[in-house]
Structures are given as C-alpha cells and as structure tokens.
Protein chains: 2
Amino acid sequence: MQVEGQAPPVTPARAPRADAVRNRKKILAAAGEQITAHGPEVGMDEIAAAAGVAVGTLYRHFPTKTDLVAAVVAAYVARVADDAETALGRVEAGARAVDELTAFLGRVVEASVTDRAVKAAAQTLGAEPGDRADEDRAGVAVAALIRAGQDAGDIHPDVTVSDIYLLFSTAPTDQPPAARARWLALVTPALTTWGRQAGN
Amino acid sequence: MQVEGQAPPVTPARAPRADAVRNRKKILAAAGEQITAHGPEVGMDEIAAAAGVAVGTLYRHFPTKTDLVAAVVAAYVARVADDAETALGRVEAGARAVDELTAFLGRVVEASVTDRAVKAAAQTLGAEPGDRADEDRAGVAVAALIRAGQDAGDIHPDVTVSDIYLLFSTAPTDQPPAARARWLALVTPALTTWGRQAGN
DNA sequence: CATCAATATGAACCTAGGTTCAGTATAGAC
DNA sequence: GTCTATACTGAACCTAGGTTCATATTGATG
C-alpha cells in the first residue's frame, strides 16, 4: 500500500546497505531451497550455512523462523497467482477454460510436490502470509476461469473457488507420481458437467 | 496370532502382574484420549498424568513414544476393519454395495476428524503398525465391497482398493463439517459408473 | 507371613534447535 | 582518510520434551 515518489515525512530511514540487500536475497533463496529439499524442519543453522551467512544474520532479517518461512510461502503463492493469471490470459485468447483449469490444477499439484515442505511449513508453523494480495490475485483469476468454463457449459454450475482450494489442499503430494496422476483422474471429473462415464 | 490354550514351551515368562495389566489399559485409554484431543504433540508427561501414572510407567510398557502412538493407531485401524466387515455383512444380506461403500467412506472420514491427531501421529512419527492383520482385514473387506458394487454395475470397473485408500488419505479432516460434506459430494461420484451429471 | 522379583515413581539427564548478544567488520557519508 | 551507524559473526543461552535410572512399592509365591 506504500505509494512511492513521495519523500517519507517522518523516520527518514536511510536506504539499506548494499550487503544487507544482497544477503537478504541469498537468505530467501537458500531458505527456499533448503525447505523444499529437506522439509520445514531444517535448522536455522543449515539455512544459514546454505546462504553462506551466520545465524545471527538470519535473525537480523527475519525476527523468527516463522517469519522466514512465511516469506518463502509468500513467494510460492505469488508463483501460483502468476500461473493462474497466465492461464486466464490463454482462455481470453481463445483456449478452452476447462482445459486450462484442469491443467492449472495439475501444475499446482505437481509444484506442490517439489514445494511440499513449503505447504507443510505453512500449516505446521501457522505461518501467516504477510500479504494477502497474491492470494487474492490467484482467487480472482481462478474465479474467472471457473466462470468462463461454466459459460461454455463444461464446468458444473455449482463449482466454486472454494471447491478448487478444497481439492488443492487435499492433493496427495506425498504419494508417488502414479498415485498423484490417478488422484487427478479421479478428482477432475468432479468439476465437469459430463462426469465420468464407464470406460473412461 | 498368538494361539492360546497351549503352554509356551520355552521362556516360561510368568503371567504379568495384575496392576501391570490394569495400568497398560489405563495408559492406552489415556493416550488415545489425549492424542485425539490435543494432537500427537502431547507430552508423555500429560499422557502419564491423564492415565494417573508416572512417566516411567509409560516407558515400562512402551519403550518409546513412537511405540505408544503405534499402539493407539493399531486400535484405530482395528475399528476401521470392524466397520468395513460390518458393511460387507450388510451387503451380503442384500444391501446395495455402492451405498455401503460410500457410507463407509463417509464414516471413516468423520471418524478421522475426531481421530485426526491419530492419523497425523502415524505420519509424523512414522509409526509402523506392529500388526498388519487388521489392515489386511480392512483391505479384504473393502475389496469385497468394491467387487460387489462392480458386479451390480454401480461402481466403475477400474476402481481399486488403492483408490479408496488414496481418497481416504486425502480427506480434508481439518476442514469444517460443511467443507467435508462438500468434499464427499465432489469425490464420491468418482467411484460410480454414472459420474456426476449437471444438476446433481 | 516372609521374601523377592516385577512394577511404579519422578526427579534428573540429555539432546535438539530456536534465539540472543557482545564483539567485530564494513558500507557509505563527510 | 576518518568516522559511525548498520550489518555480520558465532559461541553461548534457554527451553521443551523425550528418556533414563536409583529408589520405593507391591503383587504373587511358598
């Protein structure tokens, strides 16, 4: 909500030092990698080591582990929002909404596999996204996709964004690829008007 | 698997003392309640207190916390197996297999809500059921239910026990009742031959 | 009832991992 | 080049929670 191009009146707050900016980036990158690879249980020590930085520096940038994880999660949510908006763009350019929606669902599930730890982290630590903007962006885009699919008569009229979230949140990300594929095949028809006929 | 009515040849192993038996029961009961109510993170201290016993006694009966949790999980699995077999019994008595199977699915999901912590415990601690017998019982019964439903033409021919497990494991047990109900409504038709038509 | 092995007790122990902070280095301003 | 606020370092601290073990009880046996 911070509008720029306007000198802050109180608290001059000089610009952060160059090395601080550099380190912050390294920390976020390392945290993302470590949490993705080894789960949210990775120690702060390990994240610090991966970032080539001391533990204390982690705490200079993020007052608590939860905050660090929240930052990583925020990046994840932003990526999902981007994906949803891109898919919506394709639909507006003529693509079928159902296809885009289910493909989007598939991509998110697959991404959640790599980022499974991130998701788990969010639940485990109760990390609150400091900024719901990206979450809202994703919601809006998905809603538009659903609407488009319903207008085209492909998506069941009572499907909502909540339904998509509900399915996302229950994706078996800790199962092998075959199981995930099977799950998608079982669940996807729940969204369409044509359901799942015998022999499908 | 221990057959009784037959004196153990080696290792006479006198019968356990009466109070030991009593305490073991109290511990299992208390552990079930505590884990169900407060999650698998409950301290051994709290479980011990709830059982009216000292921590050391917990460790006399269960060498490790994981073992205690495993015992609780085993009880849970046994209950599910009983449920599945009862449902199968009703089918053999003339009930429709699809109905029994979906009702069973619903019951397990609802039970998982109360026992959510138990499920979580199993994953978190990697608790291995010491005895797969009950798990097998459940699997056999569910397989029979599926088969019956397929013979009746109601359940999709390619549905397997794994599918049921897959759906069980992805049930949104941490969501409010309405969301759970919605989830069931979305997922159930994935099993049937008639899918989900518009207006359903 | 005497005896003892099984059992119970619970304070102390140990480890892991998040967090702190006094000391040191350095970017940026003058 | 000097100076200082900002940033970095990493050993030490602290807490939580699982586990142990010396000591006290108690059920069973003869």
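Residues numbered from 1 in each chain as written. Chains lettered and ligands numbered in written order. Predicted model: local features only at pLDDT ≥ 70, side-chain atom pairs only at ≥ 80, totals over all residues. Heavy atoms only, no water.

*Asks:* Can you help me understand the overall build of chain A in this one?
*Replies:* For chain A, the helix and strand inventory stands at 9 helices and 0 strands. Listed by position from the N terminus, the elements making up chain A come as α-α-α-α-α-α-α-α-α. The burial tally for chain A puts 42% of its 200 residues in the buried class. A separation of at least 24 residues holds for 68% of the contacts in chain A among residues at least 6 apart in sequence. (Helix = DSSP H or I, 4+ residues; strand = E, 2+ residues; numbered from the N terminus. Buried < 20%, exposed > 50% of the residue type's maximum accessible area, 1.4 Å probe, protein only. Contact = heavy atoms within 4.5 Å.)

*Asks:* Sorry, what's going on with the protein's contact with DNA strand D here?
*Replies:* Around DNA strand D, the structure places 22 residues, and the nearest of them are A:Arg17, A:Asn23, A:Thr57, B:Thr64 and B:Lys65. Restricting the count to atoms of DNA strand D within 4 Å of the protein gives a sugar and phosphate share of 68%. One of the backbone nitrogen or oxygen atoms of B:Met44 is found 2.9 Å away from a phosphate oxygen of DNA strand D. With respect to DNA strand D, the side chain of B:Tyr59 contributes an N or O atom lying 3.1 Å from a phosphate oxygen. In terms of residue count, the dominant contributor to the surface near DNA strand D is helix H3 (residues 55-61) of chain A (5 residues). Broken down by class, the residue content of the surface near DNA strand D amounts to 10 nonpolar, 6 polar and 6 charged. (Near = heavy atom within 4 Å. Polar contact = N/O pair within 3.5 Å; in protein donor to acceptor, adjacent residues only side chain to side chain. Nonpolar A, V, L, I, M, F, W, Y, C, P; charged D, E, K, R; others polar.)

*Asks:* Would you mind going over the pattern of salt bridges with me for this structure?
*Replies:* Two side chains with opposite charge may pair up if their charged atoms get near one another. This model, assessed by the stated rule, comprises 22 salt bridges over all chains. Two residues, B:Asp158 and A:Arg182, come together in a salt bridge whose shortest N-O distance is 3.4 Å. Residue B:Asp158 is found in the loop between helix H7 (133-151) and helix H8 (161-169), and its partner A:Arg182 is found in helix H9 (residues 177-187); the two belong to separate chains. Taking relative accessible area as the criterion, B:Asp158 reaches 32% and is therefore assigned partly exposed. A relative accessible area of 22% means that A:Arg182 is categorised as partly exposed. (Salt bridge = Lys/Arg side-chain N within 4 Å of Asp/Glu carboxyl O.)

*Asks:* So what exactly am I meant to see when it comes to the protein's contact with DNA strand C here?
*Replies:* Close to DNA strand C lie 22 residues, the nearest being A:Thr64, A:Lys65, B:Arg17, B:Asn23 and B:Thr57. By atom count, sugar and phosphate contribute 70% of the portion of DNA strand C lying within 4 Å of the protein. Listed by contribution, the elements that provide at least two residues to the surface near DNA strand C are helix H1 (18-38) and H3 of chain A together with helix H1 (18-38) and helix H3 (55-61) of chain B. The element contributing the most residues to the surface near DNA strand C is H3(B), with 5 residues. Residues that form the surface near DNA strand C fall into these classes: 10 nonpolar, 6 polar and 6 charged.

*Asks:* For this particular structure, what's the right way to read the environment of A:Ala143?
*Replies:* Its location among the elements puts A:Ala143 in helix H7 (residues 133-151). Residues A:Ala143 and A:Val159 lie 16 residues apart in sequence; the distance between their C-alpha atoms is 9.7 Å.

*Asks:* Mind showing me how you'd approach the packing of H1(A) against helix H2 (residues 44-51) of chain A here?
*Replies:* The packing of two helices is summarised by the inter-axis angle and the distance between the axes. Residues and elements named next belong to chain A. With their axes 8 Å apart at the nearest point, H1 and H2 run at an angle of 125° to one another. By the criterion of interaxial angle, the relationship of H1 to H2 is oblique. Handedness of the H1/H2 crossing: right-handed. Within the contact between the two elements, H1 uses Lys26, Ile27, Ala30, Ala31, Gln34 and Ile35 and H2 uses Glu46, Ile47, Ala50 and Ala51. Its residues placed into classes, the contact of H1 with H2 shows 7 nonpolar, 1 polar and 2 charged. (Axes fitted to C-alpha atoms, helices over the stretch in contact; angles between N-to-C directions. Parallel < 35°, antiparallel > 145°, perpendicular 65-115°, else oblique. Left-handed = near helix turned anticlockwise from the far one by under 90°.)

*Asks:* Before we go on, may I ask you to explain H7(B) in this structure?
*Replies:* Three- or four-residue spacings in an α-helix give side chains the same orientation, since the helix completes a turn every 3.6 residues. Residue and element names in this part refer to chain B. With 19 residues, H7 ought to run about 27 Å at 1.5 Å a step, and its terminal C-alpha atoms sit 27 Å apart, in line with that. Looking at H7, one finds that the buried residues are Asp134, Ala138, Gly139, Ala141, Val142, Leu145, Ile146 and Gly149. Tucked into the core, H7 has its buried residues touching helix H4 (65-92), helix H5 (97-114) and H8. Immediately downstream of H7, the backbone of glycine 153 shows phi near 85°, a positive value. (Expected span 1.5 Å × (residues − 1).)

*Asks:* Explain the environment of B:Thr173 here, please?
*Replies:* Residue and element names in this part refer to chain B. Along the chain, the position of threonine 173 falls in the loop between H8 and helix H9 (177-187). By relative accessible area, which is 10% here, threonine 173 ends up buried. Through-space distance from the C-alpha of threonine 173 to that of threonine 114 is 8.6 Å; in sequence the pair is 59 residues apart. Setting aside residues up to four positions removed in sequence, threonine 173 forms contacts with Val109, Ser112, Val113, Arg116, Lys119 and Arg180.

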